[in-house]
Amino acid sequence: MKKIFLFVFLLILISCKKSDDPIPHGNCDFVDFKYYKGEQDYLGKLQNNYILIGVDTSYSENQIRSFILTIDYFDQNYAYTIYNAGQYKFKEIPVRLKSAKTCEQITQIISELEQKTIIAYAHYTMKTDNCQNLIWEQIGNLCINSYGSNFYVKVFDENDLTDLNQKIAETHTELVKQNEFMPKWFELRATKNSNGDALKMANHFYKTGLFESSEPGITKYPVE
């Protein structure tokens, strides 16, 4: 009798053992295309080992590094780079995950990260075979593509912004500025409070049929 009890007890312990991969499964919200000239432009497969995080430039690099150290599923041995480009409001950091995750797991991780005050946004990344910059210089051995918080909308008439202002209000996005040299183009921003990230919002604005064009800002990052 004691042997049977011990056996059952061991089974319970094994079944209750903490998983090595505690991230729960849920929905996959990854989007792999943007619209270009009215057609879906494929952006690439999901990169399962990396996530892009955006942090307001008011945070120092030391604060960012201290935060990254608190996240268990980040690879703490990875030598990441903190990018701070020009007048852009956010610093961007491609971080490597401790192990490859499914799309559902990455969706959950992004949701969890966006609950953190320091995180302005967390985005999926895409695989790419192209590791060259715009002037065909090799920038690394392995690159990923991702997108920031801003996207760009071209209106039909820059003197009538009724539809643009209405969609900004409906989607809880923000107007950043009008392009000085191409007045039909407006720079918008998606936040954690918007109806989706910048890629989803760019696609949504285009699909309404109210605008001539809508594009996210795709950026390439060397990660190895």
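In case you missed it, the structure is sitting above this.
Residues numbered from 1 in each chain as written. Predicted model: local features only at pLDDT ≥ 70, side-chain atom pairs only at ≥ 80, totals over all residues. Heavy atoms only, no water.

### Quick notes on the overall build of the protein chain
Line of reasoning, step 1. When helices and strands are tallied, the protein chain shows five helices and 10 strands.
Line of reasoning, step 2. Per-residue burial over the protein chain gives 42% buried out of 224 residues.
Line of reasoning, step 3. If you take every contact in the protein chain between residues at least 6 apart in sequence, the share linking residues at least 24 apart comes to 69%.
Line of reasoning, step 4. For the protein chain, the exposed area adds up to about 13,200 Å²; of that, 52% sits on carbon and sulfur atoms. (Helix = DSSP H or I, 4+ residues; strand = E, 2+ residues; numbered from the N terminus. Buried < 20%, exposed > 50% of the residue type's maximum accessible area, 1.4 Å probe, protein only. Contact = heavy atoms within 4.5 Å. Areas by Shrake-Rupley, 256 points an atom, 1.4 Å probe, with all protein chains shown as cover.)

### Description of helix 2 (residues 61–69)
Line of reasoning, step 1. Turning to helix 2, its buried residues number three or more, namely I64, F67 and I68. All buried residues of helix 2 fall inside an arc of 100° around its axis, so they share one side. Opposite the buried face of helix 2, at more than 90 degrees from it, the exposed residues are N62 and L69.
Line of reasoning, step 2. Tucked into the core, helix 2 has its buried residues touching strand 3 (50–56), strand 4 (90–96), helix 3 (103–113) and strand 5 (119–123). (Arc of directions from axis to C-beta.)

### Structural notes on the state of the cysteines
Two cysteines form a disulfide when their sulfur atoms are joined by a covalent bond.
Line of reasoning, step 1. As enumerated under the stated definition, the model contains two disulfides in all.
Line of reasoning, step 2. Disulfide partner of C28: C103, at an S-S distance of 1.9 Å. The S-S bond linking C28 to C103 shows a torsion near 75°; that makes this disulfide right-handed. With C28 in the loop between helix 1 (2–16) and strand 1 (33–36) and C103 in helix 3, this residue pair connects regions lying 75 residues apart in the sequence.
Line of reasoning, step 3. Taking relative accessible area as the criterion, C28 reaches 36% and is therefore assigned partly exposed.
Line of reasoning, step 4. Each disulfide in the protein chain links cysteines that, numbered along the sequence, combine into the pattern 1-2, 3-4. (Disulfide = S-S within 2.5 Å.)

### A closer look at the packing of helix 4 (residues 162–171) against helix 5 (residues 198–207)
Line of reasoning, step 1. Two elements in contact, helix 4 and helix 5, have axes separated by 12 Å at closest approach and are oriented at 135°. One finds that helix 4 runs oblique with respect to helix 5. Judged by the twist between their axes, the crossing of helix 4 over helix 5 is right-handed. Facing helix 4, whose interface residues are L164, K167, I168 and T171, helix 5 presents M201, H204 and F205.
Line of reasoning, step 2. Residue composition of the contact of helix 4 with helix 5, grouped by class: four nonpolar, two polar and one charged. (Axes fitted to C-alpha atoms, helices over the stretch in contact; angles between N-to-C directions. Parallel < 35°, antiparallel > 145°, perpendicular 65-115°, else oblique. Left-handed = near helix turned anticlockwise from the far one by under 90°. Nonpolar A, V, L, I, M, F, W, Y, C, P; charged D, E, K, R; others polar.)

### A word on the pattern of salt bridges
Line of reasoning, step 1. For the structure on display, the rule yields nine salt bridges.
Line of reasoning, step 2. Two residues, R96 and D75, come together in a salt bridge whose shortest N-O distance is 3.2 Å. Here R96 is found in strand 4, whereas its partner D75 is found in the loop between helix 2 and strand 4, with 21 residues between them in sequence.
Line of reasoning, step 3. Judged by relative accessible area, R96 falls into the partly exposed class, the value being 23%.
Line of reasoning, step 4. Overall, D75 belongs to the buried group, its relative accessible area being 18%.
Line of reasoning, step 5. Among the salt bridges present, the one from E170 reaches K167, with a minimum N-O distance of 2.8 Å. On the criterion of helical spacing, the pair formed by E170 and K167 is a turn pair, its members being three residues apart in helix 4.
Line of reasoning, step 6. By relative accessible area, E170 is classed as partly exposed at 38%.
Line of reasoning, step 7. Look at K167 and you get buried, because its relative accessible area is 10%.
Line of reasoning, step 8. The network of salt bridges with common partners includes K34, D41 and E215. (Salt bridge = Lys/Arg side-chain N within 4 Å of Asp/Glu carboxyl O.)

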